[in-house]
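As a plain string of letters, each chain reads:
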Amino acid sequence: MTASGDLDFDPAALHRYLDGRFGAGRLEVERISGGQSNPTYFVTHADARMVLRKKPVGPILPGAHAIEREYRVLGALHPAGVPVARPILIEEDAEVLGTPFYLMERVEGRVFSDCALPDLPAAERRGIWMGLADALARMHSVRPADVGLEDYGKPGNYFGRQLARWTRQWRESDSDPIPEIDRLADWLPANMPEDDGMVRLAHGDFRMGNMLFHPTEPRVVAILDWELSTLGHPLADVGFCAMPWHSAPDEYGGILGLDLATEGIPSEAEFVARYHAGAPDVAPLLPFHKVFALFRFAVIFVGIADRARAGSAAGADAGRLGPLAKRFAVRAMEIVEGGGHRV
């Protein structure tokens, strides 16, 4: 048995467990992520290459780190042809490793954390972005009730509920005033489109860095990180995907200001058209959906700044991210003022 990285469980306990489930075999364990998310490990047992995700050790807020929901989504979407890792087993008995965990098949591929894709030749970048659009459309083509996810969240009025949540979080913050966020909090409910009744699985964090791409082809082989997923409106994910076109490279890695044609990156309109080609039943993307995505992120950055001031922020870069709250609110206002909607 070999183990590397900062493990928060006894690898010998995992070795005994896997031997009991699959027969005796050599075990290798390597931690691959941490922070506030669910601790994740590469696990090789005999010839089986797997990924283990578990709840973190210590106090957990109700509903947080819900690996049971992640596992349920994988089990529902994998047979439906959505690119996700094949789930193997879930163990809810915390006595085994200290917290519940699950295992899924390890999928080989590439992860791109920078939306500009600087490590790829310009000729290959368009294909990667279109592969992202295809994966999103494939996910949204699945009706939750058809795969047993009809009770995975509250159906209907998704944007109304989300807007109320994020506005409340902003108004309860002790942050310095940011007038642009106040203006957005007024503009969004006044410009919210009528609910069209479409309910799909909303990933909640569908972005380039949460995709695993084929080792050589421009297609997604696994959508990662389902912690924030719920029932929602598909345009919430599409609006989130559009944010890079409205934020600069120094604003959390956007692509605004780059010469997209030279860089080989599609325009926002081309990306959205590719998505709608695979999801024709989804309504058009409106300024509201993009403004909401930027508003949500602005409030998230406010929360990061609040925790940094309180000394409880987990990330080392929390102080750097806090100022992005105003920057993202300004970007959202640029859409508002350029769209001819009520302000």
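Residues numbered from 1 in each chain as written. Predicted model: local features only at pLDDT ≥ 70, side-chain atom pairs only at ≥ 80, totals over all residues. Heavy atoms only, no water.

1. Quick word on the overall build of the protein chain
Okay, step 1: Scanning the protein chain from terminus to terminus reveals 11 helices and 10 strands.
Okay, step 2: Computed over its C-alpha atoms, the radius of gyration of the protein chain comes to 21 Å, within 12% of the 20 Å expected for a compact globule of 343 residues.
Okay, step 3: With respect to the principal axes defined by its C-alpha atoms, the protein chain has extents near 65 × 45 × 40 Å.
Okay, step 4: Counting the 343 residues in the protein chain, one finds 50% classified as buried.
Okay, step 5: A separation of at least 24 residues holds for 68% of the contacts in the protein chain among residues at least 6 apart in sequence.
Okay, step 6: Within the structure as shown, the protein chain displays about 15,600 Å² of accessible surface, and the carbon and sulfur contribution to it stands at 52%.
Okay, step 7: In the protein chain, which carries 36 positive and 47 negative side-chain charges, the distance between the mean positions of the two groups comes to 1 Å. (Helix = DSSP H or I, 4+ residues; strand = E, 2+ residues; numbered from the N terminus. Rg over C-alpha atoms; globule rule 2.2 N^0.38 Å. Buried < 20%, exposed > 50% of the residue type's maximum accessible area, 1.4 Å probe, protein only. Contact = heavy atoms within 4.5 Å. Areas by Shrake-Rupley, 256 points an atom, 1.4 Å probe, with all protein chains shown as cover. Lys, Arg positive; Asp, Glu negative; His and termini not counted. Charge placed at Lys NZ, Arg CZ, Asp CG, Glu CD.)

2. Brief notes about the pattern of salt bridges
Side chains carrying opposite charge are able to pair once their charged atoms draw close together.
Okay, step 1: Within this structure, the stated rule accounts for 23 salt bridges.
Okay, step 2: Between Asp8 and Lys54 there is a salt bridge, with the nearest N and O atoms lying 3.2 Å from each other. One end of the pair, Asp8, is in the loop between strand 1 (2–4) and helix 1 (11–22); the other, Lys54, is in strand 4 (residues 48–54), with 46 residues separating them in the sequence.
Okay, step 3: You can call Lys54 buried: its relative accessible area is 0%.
Okay, step 4: We note a salt bridge from Lys55 to Glu68, for which the minimum N-O separation is 3.2 Å. Pair noted here: Lys55 is in the loop between strand 4 and helix 2 (67–77) and Glu68 is in helix 2, with a separation of 13 residues, a long-range link.
Okay, step 5: A cluster of three or more residues bridged by salt bridges with shared partners is formed by Asp250, Glu251, Arg327, Arg331 and Glu334. (Salt bridge = Lys/Arg side-chain N within 4 Å of Asp/Glu carboxyl O.)

3. Points about the pairing of strand 9 (residues 220–223)
Okay, step 1: Pairing analysis gives three bridges linking strand 8 (residues 211–213) to strand 9, with the strands arranged antiparallel. In the sheet register, Met211 faces strand 9, and the bridge partner there is Ile223.
Okay, step 2: Connecting strand 8 to the next strand, strand 9, in antiparallel fashion are six residues. (Pairing = 2+ DSSP bridges.)

4. Thoughts on helix 1
Okay, step 1: Between its terminal C-alpha atoms helix 1 stretches 16 Å, which fits the 16 Å expected from 12 residues at 1.5 Å a residue.
Okay, step 2: Inspection of helix 1 places Pro11, Ala13, Leu14, His15, Tyr17 and Leu18 among the buried residues, and these make up the whole buried set.
Okay, step 3: Sitting at the head of helix 1, Asp10 places a side-chain oxygen 3.0 Å from the backbone nitrogen of Ala12.
Okay, step 4: Of the residues flanking the end of helix 1, it is Gly23, one or two places downstream, whose phi is positive at about 95°. (Expected span 1.5 Å × (residues − 1). Polar contact = N/O pair within 3.5 Å; in protein donor to acceptor, adjacent residues only side chain to side chain.)

5. Here we look at the nonpolar core
Okay, step 1: One finds Trp129, Phe206, Met208, Ile223, Trp226 and Phe295 to be the most contacted residues of the largest nonpolar core, which totals 88 residues.
Okay, step 2: Ranked by residues supplied to this core, first place goes to helix 9 (residues 287–310) with 12 residues.
Okay, step 3: In this structure Phe295 touches Leu163, Trp166, Thr167, Ile181, Leu184, Ala185 and Leu188, once residues within four positions along its chain are discounted.
Okay, step 4: In this structure, Leu7, Leu14, Val43 and Met50 belong to the second largest nonpolar core, which totals 17 residues. (Core = buried A, V, L, I, M, F, W, Y, C linked by side-chain atoms within 4.5 Å.)

6. Examining the pairing of strand 3 (residues 40–45)
Okay, step 1: Among the six residues that make up strand 3, five are buried, leaving the element largely enclosed by the rest of the structure.
Okay, step 2: Adjacent in sequence and paired antiparallel, strand 3 and strand 4 are bridged by two residues, among which Ala46 carries a positive phi angle near 55°.

7. Looking at unusual backbone geometry
Working note: non-glycine residues mostly have negative phi, and peptide bonds are mostly trans.
Okay, step 1: Positive phi is not limited to glycine here, since Asn157 has a value of about 50°.
Okay, step 2: Considering the arrangement of structural elements, one finds Asn157 in the loop between helix 3 (122–140) and helix 4 (158–171).
Okay, step 3: The exposure class assigned to Asn157 is partly exposed, which follows from its relative accessible area of 42%.
Okay, step 4: Non-glycine residue Tyr252 carries a positive phi angle of around 65°.
Okay, step 5: Note that Tyr252 resides in the loop between helix 6 (234–241) and helix 7 (260–263).

8. Comments concerning the packing of aromatic side chains
Okay, step 1: Across all of its chains, the model carries 17 aromatic pairs by this definition.
Okay, step 2: Ring centres of Trp129 and Trp245 lie 4.9 Å apart, and the angle between their planes is 50°; this geometry places the pair in the tilted category. Taken as a pair, Trp129 in helix 3 and Trp245 in the loop between helix 6 and helix 7 lie far apart in primary sequence, 116 residues in all. Taken as a pair, Trp129 and Trp245 share a single burial class, namely buried.
Okay, step 3: One aromatic cluster is present, built from ring pairs that chain together Phe240, Tyr252, Phe297, Phe301 and Phe328.
Okay, step 4: In this structure, Arg106 packs its charged tip against the face of Phe42, placed 3.5 Å from the ring centre. (Phe/Tyr/Trp six-rings, centres within 6.5 Å; stacked < 30°, edge-to-face > 60°. Lys NZ or Arg CZ within 6 Å of the ring centre and 35° of its normal.)

9. Observations regarding the environment of Pro118
Okay, step 1: Tracing the backbone through its elements, the reader meets Pro118 in the loop between strand 6 (101–105) and helix 3.
Okay, step 2: With a relative accessible area of 49%, Pro118 lands in the partly exposed category.

Keep in mind that these numbers describe shape and distance, not what the molecule does.
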